[in-house]
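Breakdown of the fold
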Amino acid sequence: MRKDKPTWDKIYKNREIENHSACCIRNDGSGCIQSAQENCNDLFSTWYSWRDFLPPNNRTRGSVCGQDPRSCHRPASSGANVWPDDLTKWPICKDVIKPEGARNGLEPMTCDLIGRPCCIGIRGECIITTREYCQFVNGYFHEEATLCSQVSCMDEVCGMISFLNPNVPDQFYRLWTSIFLHAGIVHCVLTVILQMFLMRDLEKLAGPIRIAVIYIGSGIGGNLASAIFSPDRAEVGPAGSQLGLMGMLFVEVLQSWQLLQRPWTSLLKLLGIFIFLIIIGLFPWVDNYAHIFGFLFGLLLSFALLPYVTFGEFDRRRKIATIIICLLLAAGLLATLIVLFYVTPIYACNACEYINCIPWTSDFCKNYEILITY
């Protein structure tokens, strides 16, 4: 949904390293792979840099295993479309003219290429490696490319609708689509049960339009807060929306205070359930930020949207003022979260993790490894 600075700084750093890489050709003729000079063993291999051999058109960057501007028919490096002296800006060659024999500085084009780009992990990491290793780590092997800068691993990790610009994540719609996704059948069944026993009655009370606005609005607010304070965690499900429904129950008790026989009992029961859910949120894989901010948005939107009974003119004016204030607070809270996410992002907040998970042991909160299957 945005460019995460630490992640993209690492991607740009790797691209800079790649721009200074060259083809590492094994002396026994068993193959070649693109690598930095320090990763090419000079005892068993030759690091074929154009600075030391015969560069085409006085280039200083390269060579590249399996790709050369002199040996590519489509797109050809000629005229106004000459490939720049920057490997990270080279296109994928779709029609390679394979030279016969290692001659005229074309050795990187005649060696057996054993490594290509492989996308791994959830941070858009790319490495040049063999197909076998890429499959071992559940990565995506790019048979068509020769350099990591020619593929967009972040776009592939995110999936769904591709980025308009491969270097600019723009999937803001995840704020609401993730509400309707679940981490398995058990998660989905629990959501359905909650909706059947809780949301159904609330929908009868408030109507489908009000309940939809509160449910989706709470989910968006909770997901946005989660993306700000826990950006490295993959989250799905309507946790924020469900706590928004709990906020709706609080408002219903408060609005009907004079009509209830034991209002304090009802309020304390809801408070006990809320505290229990917050405690559950301190365990791994449960998102407390979605809980807390979903509850706040549900509370504010419910005060503004739920039908209510008034007792006199003063009570009517007080509730109208409450509606206006709650709408303004909800809009202000949403605007604040948008600013924190897009304008002044929070990249390092160690204390924030304690709201989501308390590390009772050294590895209690470290089981967030996510298996990516391409």
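In short, a report on the structure. (Residues numbered from 1 in each chain as written. Predicted model: local features only at pLDDT ≥ 70, side-chain atom pairs only at ≥ 80, totals over all residues. Heavy atoms only, no water.)

1. So, the state of the cysteines
Enumeration over the complete set of coordinates arrives at seven disulfides. With its sulfur 2.1 Å from that of its partner, Cys24 forms a disulfide with Cys40. Taking the sign of the S-S torsion, about 80° here, the bridge from Cys24 to Cys40 comes out right-handed. Here Cys40 lies in the loop between strand E2 (32-35) and strand E3 (45-48) and Cys24 lies in strand E1 (residues 22-26), a separation of 16 residues in the sequence. You can call Cys24 buried: its relative accessible area is 6%. Residue classification places Cys40 among the buried residues on the basis of a relative accessible area of 8%. In this model Cys32 forms its disulfide with Cys111; the gap between the sulfur atoms is 2.0 Å. On the sign convention where negative means left-handed, the S-S torsion of about 75° between Cys32 and Cys111 marks this disulfide as right-handed. Separated by 79 residues along the polypeptide, Cys32 in strand E2 and Cys111 in the loop between helix H2 (107-110) and strand E6 (116-120) bring together distant segments of the chain. Overall, the relative accessible area of 13% leaves Cys111 in the buried class. (Disulfide = S-S within 2.5 Å. Helix = DSSP H or I, 4+ residues; strand = E, 2+ residues; numbered from the N terminus. Buried < 20%, exposed > 50% of the residue type's maximum accessible area, 1.4 Å probe, protein only.)

2. Let's talk about the packing of aromatic side chains
Two aromatic rings are characterised by how far apart their centres lie and by the angle between their planes. Counted by the stated rule, this structure contains twelve aromatic pairs. When the centroid spacing of 6.0 Å and the interplanar angle of 65° are considered together, the rings of Phe172 and Trp176 count as edge-to-face. By relative accessible area, Phe172 is classed as partly exposed at 47%. Taken together, a centroid distance of 5.3 Å and an interplanar angle of 85° make the contact between Phe250 and Phe295 edge-to-face. Separated by 45 residues along the polypeptide, Phe250 in helix H8 (residues 239-255) and Phe295 in helix H10 (residues 288-305) bring together distant segments of the chain. The two residues Phe250 and Phe295 agree in class, both being buried. Taken together, the ring pairs connect Trp50, Trp83 and Trp90 into an aromatic cluster. (Phe/Tyr/Trp six-rings, centres within 6.5 Å; stacked < 30°, edge-to-face > 60°.)

3. Things to note about the packing of helix H7 (residues 208-229) against H8
Two elements in contact, H7 and H8, have axes separated by 7 Å at closest approach and are oriented at 125°. Taken together, the axes of H7 and H8 are oblique relative to one another. As H7 packs across H8, the resulting crossing turns out to be right-handed. Note on element contacts: H8 touches H7 through Gly240, Ser241, Gly244, Leu245 and Met248, opposite Ile211, Ile214, Tyr215, Ser218 and Gly219. Its residues assigned to classes, the contact of H7 with H8 shows five nonpolar, five polar and no charged. (Axes fitted to C-alpha atoms, helices over the stretch in contact; angles between N-to-C directions. Parallel < 35°, antiparallel > 145°, perpendicular 65-115°, else oblique. Left-handed = near helix turned anticlockwise from the far one by under 90°. Contact = heavy atoms within 4.5 Å. Nonpolar A, V, L, I, M, F, W, Y, C, P; charged D, E, K, R; others polar.)

4. Considering the side chain of Ser63
By the secondary structure assignment, Ser63 is in the loop between E3 and strand E4 (72-74). Residue Ser63 is classed as buried on the basis of its relative accessible area of 1%. Aside from chain neighbours lying at most four places away, what touches Ser63 is Ser21, Ala22, Cys23, Gln34, Tyr48, Ser49, Trp50 and Pro108.

5. A few points about unusual backbone geometry
With an omega of -5°, the peptide bond between Arg74 and Pro75 qualifies as cis. Looking at the element boundaries, Pro75 is found in the loop between E4 and strand E5 (95-96). You will see that Asn138, though not glycine, has its phi angle at about 60°, which is positive. We classify Asn138 as partly exposed; its relative accessible area is 31%.

6. What to know about helix H1 (residues 5-19)
Given 3.6 residues to a turn, an α-helix orients residues that are three or four positions apart in the same direction. Relative to the 21 Å expected for 15 residues at 1.5 Å per residue, H1 spans 21 Å between its end C-alpha atoms, a close match to the ideal helical length. Residues of H1 that are buried: Thr7, Trp8, Ile11, Glu18 and Asn19. Projection of H1 onto a plane perpendicular to its axis shows the buried side chains occupying an angular sector of 115°, all on one side. Contacts made by the buried residues of H1 are with helix H4 (153-158). (Expected span 1.5 Å × (residues − 1). Arc of directions from axis to C-beta.)

7. Overview of the environment of Ala76
Examined against the element boundaries, Ala76 turns out to sit in the loop between E4 and E5. Given the relative accessible area of 34%, Ala76 is considered partly exposed. When near neighbours in sequence (up to four residues on either side) are disregarded, Ala76 contacts Asn81 and Trp83.

8. Describing the sheet that holds E2
Strands in a sheet are paired, the pairing made by backbone hydrogen bonds, and the direction either parallel or antiparallel. Taking strand neighbours across the sheet as the criterion, the three strands line up as E2-E1-E3 in an open arrangement whose pairing is antiparallel. Single-partner strands in this sheet number two, and they are E2 and E3. Strand-to-strand twist across the sheet, computed as the mean angle between neighbouring axes with direction ignored, equals 25°. (Pairing = 2+ DSSP bridges.)

9. As for the pattern of salt bridges
Tallying each qualifying case throughout the model produces five salt bridges. The salt bridge involving Glu313 is made with Arg316; its shortest N-O contact spans 2.7 Å. With Glu313 and Arg316 both in helix H11 (residues 313-343), this residue pair falls three residues apart, about one helical turn. The class for Glu313 is partly exposed, based on a relative accessible area of 40%. Residue Arg316 is classed as partly exposed on the basis of its relative accessible area of 34%. Across the pair Glu313 and Arg317 runs a salt bridge whose closest N-O atoms are separated by 3.1 Å. Remark: Arg317 and Glu313 occur in helix H11; sequence separation between them is four residues, near one turn of the helix. Under the relative-accessibility criterion, Arg317 is labelled exposed at 56%. Taken together, the shared-partner salt bridges in this structure form one network comprising Arg116, Arg131 and Glu143. (Salt bridge = Lys/Arg side-chain N within 4 Å of Asp/Glu carboxyl O.)

What is shown is where atoms sit, not what they do.
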